[in-house]
Amino acid sequence: MESQPAVTHEAHQDDSCHVPNDRKSHHSDKMKSNLISRLNRIEGQIRGVKAMIEKDTYCDDVLNQISAVQSALNSVGKLLLEGHLKSCVVERIQAGEQDVIDELLTTVNKLMR
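Residues numbered from 1 in each chain as written. Predicted model: local features only at pLDDT ≥ 70, side-chain atom pairs only at ≥ 80, totals over all residues. Heavy atoms only, no water.

S.K.: For this particular structure, what's the right way to read helix H2 (residues 59–94)?
M.R.: In an α-helix there are 3.6 residues to a turn, and that puts residues three or four apart on one side. Over its 36 residues, H2 runs 50 Å from end to end, which matches the ideal 52 Å to within 8%, given 1.5 Å per residue. Most pronounced at His84, the bend in H2 amounts to some 40 degrees. Listing the buried residues of H2 in full gives Val62, Val69, Val76, Gly77, Leu79, Cys88, Val89 and Arg92. Elements that come into contact with the buried residues of H2 comprise helix H1 (29–54) and helix H3 (99–111). Note on H2: the residue one or two positions beyond its end, Gly96, has a positive phi of about 85 degrees. (Helix = DSSP H or I, 4+ residues; strand = E, 2+ residues; numbered from the N terminus. Expected span 1.5 Å × (residues − 1). Bend = angle between axes of the 7 residues up to and from the residue. Buried < 20%, exposed > 50% of the residue type's maximum accessible area, 1.4 Å probe, protein only. Contact = heavy atoms within 4.5 Å.)

S.K.: Teacher, can you tell me more about the pattern of salt bridges here?
M.R.: Pairs can form between side chains of opposite charge once their charged atoms are near each other. In total, this model carries 5 salt bridges according to the counting rule given. Here Arg92 makes a salt bridge to Asp99, at a shortest N to O gap of 3.7 Å. What makes Arg92 buried here is its relative accessible area of 6%. Judged by relative accessible area, Asp99 falls into the partly exposed class, the value being 48%. A cluster of three or more residues bridged by salt bridges with shared partners is formed by Arg92, Glu97, Asp99 and Glu103. (Salt bridge = Lys/Arg side-chain N within 4 Å of Asp/Glu carboxyl O.)

S.K.: What am I meant to see in the nonpolar core here?
M.R.: Inside soluble globular proteins, nonpolar side chains tend to come together where they are buried. By size, the foremost hydrophobic cluster in this structure holds 8 residues: Leu35, Ile42, Val49, Met52, Val62, Val69, Val76 and Leu79. Of all the secondary-structure elements, those providing two or more residues to this core are H1 and H2. Excluding residues that lie within four positions of it along the chain, Val69 makes contacts with Ile42, Gln45, Ile46 and Val49. (Core = buried A, V, L, I, M, F, W, Y, C linked by side-chain atoms within 4.5 Å.)

S.K.: Can you help me understand the environment of Val49 in this one?
M.R.: Looking at where Val49 falls in the secondary structure, it is placed in helix H1. Sequence-wise, Val49 and Val62 are 13 residues apart; in three dimensions their C-alpha atoms are separated by 6.3 Å. Those residues in contact with Val49 that lie beyond four places of it in its chain are Val62, Gln65, Ile66 and Val69.

Structure, rendered in structure tokens:
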């Protein structure tokens, strides 16, 4: 029995969302820049929380910063979810892939934990 060669990302250049084994998002450069900027700020906030703990900062102050980080992450998640719904989900439904609804429900449940 002959094995099939693996398809790599380099060999497969299709950027559409409905390719099951090689799905990619297709955000605009503006959206990517916005998301990366937000994530960089969040990364800085995380480093700040770590520094607060290292300096034995009062617990309530640390918890308030953790809340701010969670809120910022939720905002990034909302932006990604909106883009996902407006592009990938719509495209896959139009292509007849109804299983995207179950995938989306699983993702939303994870986001709401």
